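Fold and contact review
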Amino acid sequence: ARTLNAVRAPEVGLLLTRLQYGALGPERVVRTLLARHAHLLAARLCELLGLSEMKVAVVHHWGKAKIGGAAASLSDEALLAALAPKLDATAGASHARLAAEALAVGRRGLAARLLEKEEDATRRVPLLLQMGEERLALTSAVAHGDAELIYLLLLHLKARLPS
């Protein structure tokens, strides 16, 4: 009942009956809220209903919307200060996914700062290579000790060599 009341609020405007909610399921309702950019409500519903995987999706969607909609005058540091606490507080959230979005919209500095916070080298190294940061990628791959990452890096470097 609390879920239905929350989504029926005038600012959300998602008029659902119990039968419709039951047919859609909570995940589809959360996706609909994301499409309407009702991120806070979507996150609270995920917490209320125990949907941890959907909570990660909500945080990623919110972060992408925040990066894409940020004014050019907003510094990368200010944007990072807004994004980092939410990412750090959400288990399973990837800094690299938002770094890819930042890179796509031309915020290279923000992408680099987000990648510094990414713990998973398998997500970090390919983006560093995409950014042209081969030295950082090499350091990260060697520190992680993953032979496949090192091999990926070597193949990338070989492709960049003049023939």
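Residues numbered from 1 in each chain as written. Predicted model: local features only at pLDDT ≥ 70, side-chain atom pairs only at ≥ 80, totals over all residues. Heavy atoms only, no water.

Digging into the side chain of T90
- Along the chain, T90 falls in the loop between α6 (76–89) and α7 (95–104).
- On the basis of relative accessible area, T90 is assigned to the buried category, the value being 8%.
- Aside from chain neighbours lying at most four places away, what touches T90 is K55, V56 and V59. (Helix = DSSP H or I, 4+ residues; strand = E, 2+ residues; numbered from the N terminus. Buried < 20%, exposed > 50% of the residue type's maximum accessible area, 1.4 Å probe, protein only. Contact = heavy atoms within 4.5 Å.)

Quick word on helix α10 (residues 134–144)
- Taken residue by residue, α10 has E134, A137, S140 and A141 as its buried positions. Taken down its axis, α10 places every buried residue within 130 degrees of arc, on the same side. Residues of α10 that are exposed and point over 90 degrees away from its buried face: R135, T139 and A143.
- G145 sits one or two positions beyond α10 and adopts a positive phi of about 75 degrees. (Arc of directions from axis to C-beta.)

Overview of the pattern of salt bridges
- In the structure shown here, the tally under the stated rule is seven salt bridges.
- E77 is the salt-bridge partner of R113, the closest N and O atoms lying 2.4 Å from each other. Taken together, the positions of R113 in helix α8 (residues 108–117) and E77 in helix α6 put the pair 36 residues apart, joining distant regions of the chain.
- Residue classification places E77 among the partly exposed residues on the basis of a relative accessible area of 45%.
- Notably, a salt bridge pairs R160 with E134, separated by 2.1 Å at the nearest N-O pair. One end of the pair, R160, is in helix α11 (residues 147–160); the other, E134, is in helix α10, with 26 residues separating them in the sequence. (Salt bridge = Lys/Arg side-chain N within 4 Å of Asp/Glu carboxyl O.)

Re the confidence of the model for the chain
- This prediction gives the chain a mean pLDDT of 91; 99% of its residues lie at or above 70.
- The least confident element of the chain is helix α1 (residues 2–7), whose mean pLDDT is 86; the most confident is helix α5 (residues 52–69), at 95. (pLDDT = per-residue confidence, 0-100.)

Side note on the packing of α5 against α6
- Running from N to C, α5 and α6 cross one another at 180 degrees; their axes reach a closest spacing of 11 Å. On the basis of the axis angle, α5 is roughly antiparallel to α6. Residues V59, H60, W62, G63, K66 and I67 of α5 touch α6, and the partners they reach there are L79, A82, L83, K86 and L87.
- Of the residues in the contact of α5 with α6, the class split is seven nonpolar, two polar and two charged. (Axes fitted to C-alpha atoms, helices over the stretch in contact; angles between N-to-C directions. Parallel < 35°, antiparallel > 145°, perpendicular 65-115°, else oblique. Nonpolar A, V, L, I, M, F, W, Y, C, P; charged D, E, K, R; others polar.)

Side note on unusual backbone geometry
- One non-glycine residue, H37, lies in positive phi territory at about 60 degrees.
- Secondary-structure assignment places H37 in the loop between α3 (26–35) and α4 (39–49).

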